[in-house]
Amino acid sequence: MELPPLKLNVARGEEDRISALPDELLLRILERLGLRRAVRAGTVSKRWRHLPHQLSFVTLDVRCFRRATLGETMDAFTAALTSVCAQRNCECQRGRVMAMKAICLRFFLSASHLSSIGSAVEDVVSHGKTRRLAFQVSPPPGVNSFPQIPEMGQQFMSFSRAHQPAFQCLTRLRLKSLAFGDSDVAALIAASDKLEHLNMNSCGLVDQRHVLKIDTPCSVIQELEFKRFHCKSIHLISVPRLRTVLCHSWRSNNPPMRFGYVPQLRQVNLACKAKAWQVPFLLSQCFSMTSANNLLKLHLNFRHQMIWIRPEHPKHLTAIFRNLAEVSFSGIFPECDLSWTLFILQVAPALHKFTLSRERHACDIPSEDSAEKTNVVWEPSKDLKHLKLKLLRMYGFEDEDKVTNYIRLVMERAVGLKRIELRGEVPCEKCDAIYPRRSQVDKGRRRRIKERLTHESSSNMGMIMLVAAMPAR
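As a starting point, this report considers the structure included with it. (Residues numbered from 1 in each chain as written. Predicted model: local features only at pLDDT ≥ 70, side-chain atom pairs only at ≥ 80, totals over all residues. Heavy atoms only, no water.)

### Details of the packing of aromatic side chains
Two descriptors summarise a pair of aromatic rings, namely the distance from one centre to the other and the angle between the planes of the rings. Summed over the entire model, instances satisfying the criterion amount to 22 aromatic pairs. With 5.8 Å between their ring centres and 75° between their planes, Phe156 and Phe167 make a pair best called edge-to-face. Taken together, the residues Phe156 in helix α5 (residues 148-162) and Phe167 in helix α6 (residues 164-167) connect sequence positions 11 residues apart. The pair formed by Phe156 and Phe167 is uniform in burial state, with each residue classed as buried. Through successive ring pairs, a cluster of aromatic residues spans Trp250, Phe281, Phe302, Trp308, Phe329, Trp340, Phe343, Phe354 and Trp378. (Phe/Tyr/Trp six-rings, centres within 6.5 Å; stacked < 30°, edge-to-face > 60°. Helix = DSSP H or I, 4+ residues; strand = E, 2+ residues; numbered from the N terminus. Buried < 20%, exposed > 50% of the residue type's maximum accessible area, 1.4 Å probe, protein only.)

Structural data, given as structure tokens:
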């Protein structure tokens, strides 16, 4: 995508009003223009020429440098990066070198360009002033076959080993469509001293029958995200600074993850459309006494397919979930009974916010290998009394009787409940196109459920709220 010509008023040797601003303000303008425009600005005005080399926040995306071939695209990307990241040892107007505080690079794996990229970044981080360094790396477009993906993974690992000074300053890493050896991911985390966030999308192990084991007791990693990661299972043996884990769309047998020593773990998000070979599992198979006793938030999304967890007795989970404060069960298929979800009240005594979503999506068509949807049968204890739950939030009201009975069930057992929110369906362009009156029908159902509950007891009037739909993310 070519950018329109950049125009600066330098007629008759006179600088325009913008160029008359001090360097600090001009740098802020250039940082908002983007790196490519900033470099071009420096080529058309003597007043601006030194400024691109003083940028403190640099974002460079290979998609802005598209050319006829991959080589030409990466040539343009590397040239821009090298221009800005050259060593800043020259005299600037104020006689000092401006520190580059943040660098965010998105690029393709291209063997002939990786050395230049790594060297340019090393030149900058060698000054010791860079606070944030982020890489987003993927194979070139069209490189997605099985023989190619492991080769790309090894090429990336070679890149990381060849440029250790750069990776020692790396704080955020996003990888897509790469396959690794069994120990590569753990080695990468261990070698990246400042790495806090690792996102792996459509990645996996070369031998998918093996377990990904992450044992990095000295790492500072705080967030791990796995989307469509191909392996037998993921075992987090020791990741002491880890706070957030997201695992989406796994294809392995259940459970997808096991948590070892993760004492600072605060949030876990699991989302998957269950496959025919996957059977429901117990949450106690994932978590241990040392893994989740500080867990605060648990989000499970079943994607409108089979429920892939099983309710279990409090003795197996209460000690683990004793600090759990927020739980969300979303994507429950509408035909499924809801009373099983109350097992979470029995195992999480500190729970204060519970969200349940059972919307039907007409656009959601199961694949041939989807697991069969089966009802979950489980009855909560009649003696259950939960003292901490304050907010029940619900989405999806297709079966009004089922939802009404479920809310009654919660109200009987959550004796401290203060608020019930009946929320509108989240907008979905595809569903709205199939069923244009979707939101109006949903609103009518919510209103009737509230009327039925408030008719039974006037004290329910101020507790039950109809809340408009939130915009789709």
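Once you've had a look at it, read on.
### Quick look at the side chain of Thr341
Turning to its location among the elements, Thr341 is positioned in the loop between β17 (326-330) and α9 (343-347). Ignoring sequence-local partners within four residues, the contact set of Thr341 consists of Phe329, Ile332, Phe354, Leu356 and Tyr406. (Contact = heavy atoms within 4.5 Å.)

### Quick notes on the nonpolar core
What tends to happen in soluble globular proteins is that the nonpolar side chains get buried as a cluster. One finds Phe156, Phe321 and Phe329 to be the most contacted residues of the largest nonpolar core, which totals 122 residues. Excluding anything up to four places from it in sequence, Phe321 contacts Leu283, Phe287, Leu295, Leu298, Ile344, Val347, Ala348 and Pro349. (Core = buried A, V, L, I, M, F, W, Y, C linked by side-chain atoms within 4.5 Å.)

### Re the pairing of β17
The element β17 is largely enclosed, with a buried count of 5 among its 5 residues. Of the two faces of β17, the one holding Glu326, Ser328 and Ser330 and the one holding Val327 and Phe329 are both buried throughout. As judged from the 5 bridges shared by strand β15 (residues 297-301) and β17, these two strands associate in the parallel manner. What sits directly across from Lys297, in β17, is Glu326. (Pairing = 2+ DSSP bridges.)

### Section: the pairing of strand β2 (residues 102-108)
In terms of residue burial, β2 counts as a mostly covered element, since 5 of its 7 residues are buried. Bridge count between strand β1 (residues 57-61) and β2: 5 bridges; the pairing is parallel. Paired with Val58 across the bridge in β2 is Ile103. Of the strand pairs in this sheet, β2 and strand β3 (residues 132-138) are connected by 7 bridges, and their pairing is parallel. Bridge pairing links Arg106 to Gln136 in β3. In this fold, β2 hands off to helix α4 (residues 111-125), which returns the chain to β3; that crossover is right-handed. (Right-handed = clockwise from strand over helix to strand, strands pointing away.)

### Quick notes on the packing of α4 against α5
Two elements in contact, α4 and α5, have axes separated by 10 Å at closest approach and are oriented at 30°. As far as their axial angle goes, α5 and α4 are roughly parallel. Here the hand of the crossing between α4 and α5 comes out right-handed. Residues Ala111, Leu114, Ile117, Gly118 and Glu122 of α4 lie in contact with α5, whose contacting residues are Gln155, Phe159 and Ala162. Here the contact of α4 with α5 is built from residues that sort into 5 nonpolar, 2 polar and 1 charged. (Axes fitted to C-alpha atoms, helices over the stretch in contact; angles between N-to-C directions. Parallel < 35°, antiparallel > 145°, perpendicular 65-115°, else oblique. Left-handed = near helix turned anticlockwise from the far one by under 90°. Nonpolar A, V, L, I, M, F, W, Y, C, P; charged D, E, K, R; others polar.)

### Points about the environment of Trp250
Relative to the helices and strands, Trp250 resides in the loop between β11 (244-248) and β12 (257-261). Given the relative accessible area of 3%, Trp250 is considered buried. C-alpha of Trp250 to C-alpha of Cys231: the two residues are 19 residues apart in sequence and 8.6 Å apart in space. Ignoring anything within four residues of it in the chain, the contact list for Trp250 reads Pro256, Leu270, Ala271, Cys272, Gln278 and Trp308.

### Description of unusual backbone geometry
Here the residue pair Asn254 and Pro255 is connected by a cis peptide bond, since its omega of -5° sits within 30 degrees of zero. Position of Pro255 among the secondary structure elements: in the loop between β11 and β12. A positive phi angle, near 60°, is found at Ser249, a position not held by glycine. Here the phi dihedral of His304 falls at roughly 65°; this positive angle occurs in a residue that is not glycine. In this fold, His304 is placed in the loop between β15 and β16 (309-310). When its relative accessible area of 15% is taken as the criterion, His304 is described as buried.

### So, the layout of surface pockets
In this structure, the second largest pocket occupies an estimated 350 Å³ of space. Around the second largest pocket, the lining comprises 20 residues; the ones closest to its centre are Arg106, Ser138, Pro139, Lys176 and Ser177. (1 Å grid on protein atoms, 1.4 Å probe; cavity = no way out; pocket = protein on both sides within 12 Å on 5 of 7 lines; lining within 4 Å. Points joined across faces, edges and corners; volume = space filled by probe spheres on them.)

### Focus: the pattern of salt bridges
Under the criterion given, the structure shown has 13 salt bridges. Across the salt bridge formed by Lys353 and Glu326, the nearest N and O atoms sit 3.6 Å from each other. With Lys353 in strand β18 (residues 353-357) and Glu326 in strand β17, this residue pair connects regions lying 27 residues apart in the sequence. Glu421 is paired through a salt bridge with Arg419; the nearest N and O atoms lie 2.8 Å apart. Looking at Glu421, the relative accessible area reads 6%, which means it is buried. Within the structure, one salt-bridge network assembled from shared partners comprises Arg393, Arg419, Glu421 and Arg423. (Salt bridge = Lys/Arg side-chain N within 4 Å of Asp/Glu carboxyl O.)

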